[in-house]
Amino acid sequence: MLVRMTTNADAAASAATPAPADGKAPRRRAPAGAAVLREDVTEAIRAAVFEELAAVGYARMSIEGIARRAGVGKTAVYRRWRSKRHLVLDLVSAIAVQGLPAPDTGSLEGDLRLLYEVTSRALRHPVAGQIIPDLQAEAARNPEIADALQKALREGQQGVASGIVAAATARGEVREGADLDLALDLMSGPLYWRAVVVRGPKLPKPYLATLARTTAAALKAL
């Protein structure tokens with residue numbers, strides 16, 4: 001809508017401006033003000049949203065608090081998102097399409113070990129540790145957030161899981177036609193349970209290696 005309105009305004013201004021005497025086309029000025037959404041401001045707002053979610057939670061989060069943390073005015077936020085709900089939905093949905101790079105160590109157990117190390121570090125981050133449980137609680141009351149959160153958590157891992165299983169299948173470690181949904185549950189479930197649901201103390205050193213070895217054996221049995 002903003003782009004369309006700007007285009008129409010430029011066209012109208014061009015039609016109303018007489019051609020110069022030398023016959024050269026007039027130089028069009030770059031749009032200013034609300035027509036320009038600076039990317040650095042957008043990124044500052046996105047970072048502020050994660051920080052605000054971790055600090056106060058979704059229920060107490062406000063556009064005012066986000067703007068203050070980002071060092072911008074409320075108008076800058078409202079130019080990009082209509083409400084805090086739309087803002088959070090946009091950010092959570094963006095996580096789903098980013099995904100994680102699929103490990104490629106040459107073995108199923110090695111791929112799982114690397115995946116678990118990367119995921120464990122991410123889940124131990126204080127921001128992730130506070131935001132995910134809070135949004136899960138909000139998802140029970142808000143179907144839109146529930147859908148977006150499920151998509152972000154499931155699809156982000158699903159792409160990696162399917163890549164690991166496909167590579168293992170090509171090496172003959174996993175049989176053709178293995179159940180990918182069950183494989184995803186086996187690969188992601190234990191670590192999320194331990195880090196996000198139970199939220200116990202720091203994982204013991206051999207835990208990830210043991211989990212990778214055990215999960216590899218389970219996937220080979222599918």
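Residues numbered from 1 in each chain as written. Predicted model: local features only at pLDDT ≥ 70, side-chain atom pairs only at ≥ 80, totals over all residues. Heavy atoms only, no water.

## Regarding the nonpolar core
Put simply, the rule is: By convention a nonpolar core is built from buried Ala, Val, Leu, Ile, Met, Phe, Trp, Tyr and Cys residues, the set being connected through side-chain atoms within 4.5 Å. Burial here depends on accessible area, computed with a 1.4 Å probe over protein chains only, as a share of the maximum for the residue type. Under 20% is buried, over 50% is exposed, and the range in between is partly exposed. Secondary structure follows DSSP: runs of H or I at least 4 residues long count as helices, runs of E at least 2 residues long count as strands, and numbering of each begins at the N terminus.
Counting residues in each nonpolar core, the largest one holds 27 residues, and the members touching the most others are Ile45, Val49, Leu53, Leu87, Val88 and Leu135. Looking at this core, the elements that each hand over two or more residues are α2 (39-60), α3 (63-70), α4 (74-78), α5 (84-98), α7 (126-139) and α8 (143-170). In terms of residue count, the dominant contributor to this core is α2 (seven residues). Grouped together as the second largest cluster of nonpolar side chains are 26 residues, Leu184, Val196, Leu211 and Leu219 included.

## Describing the packing of α2 against α3
Heads up, the condition is: Every axis corresponds to a line fitted to the C-alpha atoms, with the helix fit spanning only the stretch in contact, and the corresponding angles, defined between N-to-C directions, vary from 0 to 180 degrees. An angle below 35 degrees is treated as roughly parallel, one above 145 as roughly antiparallel, one from 65 to 115 as roughly perpendicular, and anything else as oblique. The sense of a crossing depends on the near helix, which, turned anticlockwise from the far helix by less than a right angle, makes the crossing left-handed and, turned clockwise, makes it right-handed. Here a residue-residue contact requires only that any non-hydrogen atoms of the pair lie within 4.5 Å. Residue type decides the class: Asp, Glu, Lys and Arg count as charged, Ala, Val, Leu, Ile, Met, Phe, Trp, Tyr, Cys and Pro as nonpolar, and the leftover types, Gly among them, as polar.
One way to put it is that α2 packs onto α3 with a least axis distance of 8 Å and a crossing angle of 120°. On the basis of their axis angle, the class for α2 and α3 is oblique. For α2 against α3, the interelement crossing comes out right-handed. The segment α2 lies against α3, with Ala44, Ile45, Ala48, Val49, Glu51, Glu52 and Ala55 engaging Gly65, Ile66, Arg69 and Ala70. Split into classes, the residues belonging to the contact of α2 with α3 amount to seven nonpolar, one polar and three charged.

## Topic: the side chain of Glu52
To keep things clear, this is the line we draw: Here a polar contact means two N or O atoms within 3.5 Å. Within protein one must be a hydrogen donor candidate and the other an acceptor candidate, and residues neighboring in sequence count only if both atoms are side-chain atoms.
Tracing the sequence through the fold places Glu52 in helix α2. In terms of polar contacts, Glu52 uses its side chain to reach the side chain of Arg69, at 2.7 Å. With residues near it in sequence (within four places) discarded, Glu52 still touches Gly57, Met61, Gly65, Ile66 and Arg69.

## Quick word on the side chain of Thr169
In this fold, Thr169 is placed in helix α8. Among the polar contacts made by the side chain of Thr169, one reaches the main-chain carbonyl oxygen of Val165 at a distance of 2.7 Å. For Thr169, the contacting residues outside a window of four places in its chain are Val174, Arg175 and Glu176.

## Concerning the packing of helix α6 (residues 108-124) against helix α10 (residues 207-220)
If you want to describe how two helices pack, look at the angle between their axes and the distance between the axes. In contact at an axis separation of 8 Å, α6 and α10 are set at 130° when each is read in the N-to-C sense. Looking at the two axes, α6 sits oblique to α10. Our pair here, α6 against α10, has a crossing hand that is right-handed. Across from Leu108, Glu109, Leu112, Arg113, Tyr116, Glu117 and Ser120 in α6, the residues of α10 making contact are Leu208, Ala209, Leu211, Ala212, Arg213, Thr215, Ala216, Leu219 and Lys220. Its residues placed into classes, the contact of α6 with α10 shows nine nonpolar, two polar and five charged.

## Re the packing of aromatic side chains
To keep it simple, the criterion reads: For Phe, Tyr and Trp, rings pair up if their centres lie within 6.5 Å, where Trp contributes its six-membered ring, and each pair is then called stacked (planes under 30 degrees apart), edge-to-face (over 60) or tilted (otherwise). Sitting over a ring, as applied to charges here, requires NZ of Lys or CZ of Arg to be within 6 Å of the ring centre and within 35 degrees of the ring normal.
As enumerated under the stated definition, the model contains zero aromatic pairs in all. Lying over the aromatic face of Tyr58, Lys84 brings its terminal NZ or CZ to 4.6 Å of the ring centre. One Lys or Arg, Arg194, reaches over the ring of Tyr207 and ends 4.7 Å from the middle of that ring.

## Looking at the environment of Ser162
Along the chain, Ser162 turns up in helix α8. In this structure, the C-alpha to C-alpha distance between Ser162 and Asp181, residues 19 residues apart in sequence, is 9.2 Å.

## Considering the environment of Thr210
Mapped onto the fold, Thr210 is located in helix α10. By relative accessible area, Thr210 is classed as partly exposed at 35%. Put simply, Thr210 and Glu109 are 101 residues apart on the chain and 9.8 Å apart in space, counted from C-alpha to C-alpha. A polar contact is formed between the side chain of Thr210 and the backbone oxygen of Pro206, at a distance of 2.9 Å.

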